[in-house]
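So you can see what is in the structure, the chains are spelled out below.
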Amino acid sequence: MNLTQEDWVSQLTADENAVILDVRTEDECNEGIIPNATVNMDIYEGHEFIEKLEALDKSKNYYVYCRSGARSAKACEIMNELGFENAYNLLGGIIEWNGDIVAP
């Protein structure tokens, strides 16, 4: 599901079962991450990315972002296909993020 930044943040803040998932490359993550983004999985890893997703707890709610929102939208589609019920894409990605960005 695609959420605006406002909706993504308000839902995330109220969600005690939330995990923030960054699907950018390691180099991109090294430039800064959204605070509390505890999981980084590079969507460009293909099959390895799928295997890492399958190892995640499907009972959690995942708030997914990338640079612009395109890769994270695809990641959410893949997650839905794998049986994740709650995967939320940040529209606009980190380049349109108005909040803090911290070192990983």
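Residues numbered from 1 in each chain as written. Predicted model: local features only at pLDDT ≥ 70, side-chain atom pairs only at ≥ 80, totals over all residues. Heavy atoms only, no water.

## Quick word on the sheet that holds strand β2 (residues 18-22)
Sheets are built from strands paired through backbone hydrogen bonds, the pairs being either parallel or antiparallel.
For step 1, the next point in the chain: Here we have five strands laid out as an open sheet, ordered β1-β5-β4-β2-β3, and parallel in their pairing. What marks the edges here is a single partner per strand, and that holds for β1 (2-3) and β3 (39-40).
For step 2, the next point in the chain: One ladder, built from three bridges, connects strand β4 (residues 61-65) with strand β5 (residues 87-90); its direction is parallel. For Y62, the partnering residue across the bridge sits in β5 and is A87.
For step 3, the next point in the chain: Lying over the sheet, helix α4 (residues 70-81) contacts β1, β2, β4 and β5, oriented at roughly 170° with respect to β5. (Pairing = 2+ DSSP bridges. Helix = DSSP H or I, 4+ residues; strand = E, 2+ residues; numbered from the N terminus. Contact = heavy atoms within 4.5 Å. Axes fitted to C-alpha atoms, helices over the stretch in contact; angles between N-to-C directions.)

## Here's the deal with helix α1 (residues 5-13)
For step 1, the next point in the chain: The complete set of buried residues in α1 reads Q5, W8 and L12. Viewed end-on, α1 has its buried residues packed into an arc of 65°, placing them on one side of the element. Every exposed residue of α1 that faces more than 90 degrees away from the buried side is listed here: E6 and T13.
For step 2, the next point in the chain: Contacts from the buried residues of α1 go to β1, β2, β4 and β5. (Buried < 20%, exposed > 50% of the residue type's maximum accessible area, 1.4 Å probe, protein only. Arc of directions from axis to C-beta.)

## Considerations on the environment of N86
For step 1, the next point in the chain: By the element assignment, N86 lies in the loop between α4 and β5.
For step 2, the next point in the chain: With a relative accessible area of 26%, N86 lands in the partly exposed category.
For step 3, the next point in the chain: A C-alpha to C-alpha distance of 16 Å links N86 and A37, two positions 49 residues apart in sequence.
For step 4, the next point in the chain: Contacts of N86, omitting those with residues within four sequence positions, involve K60, N61 and Y62.

## Section: the nonpolar core
For step 1, the next point in the chain: In this structure, L21, V23, F49, L53, V64 and M79 are the most contacted members of the largest nonpolar core, which totals 18 residues.
For step 2, the next point in the chain: Those elements giving two or more residues to this core turn out to be β2, α3 (47-54), β4 and α4.
For step 3, the next point in the chain: In terms of residue count, the dominant contributor to this core is α4 (four residues).
For step 4, the next point in the chain: For F49, the residues in contact, after removing those within four places along its chain, are V23, M41, D42, I43, A75 and I78.
For step 5, the next point in the chain: In terms of nonpolar packing, the next biggest core, distinct from the first, is built from 14 residues, L3, Y88, I94 and W97 among them. (Core = buried A, V, L, I, M, F, W, Y, C linked by side-chain atoms within 4.5 Å.)

## Looking at the pairing of β4
For step 1, the next point in the chain: Burial analysis of β4 places five of its five residues in the buried class, which makes it a mostly covered element.
For step 2, the next point in the chain: Burial of the side chains of β4 extends over both faces: N61, Y63 and Y65 are buried on one face and Y62 and V64 on the other.
For step 3, the next point in the chain: With five bridges connecting them, β2 and β4 associate as parallel partners. Opposite L21, over in β4, you have V64 as the bridge partner.

Coordinates in, geometry out; function isn't part of it.
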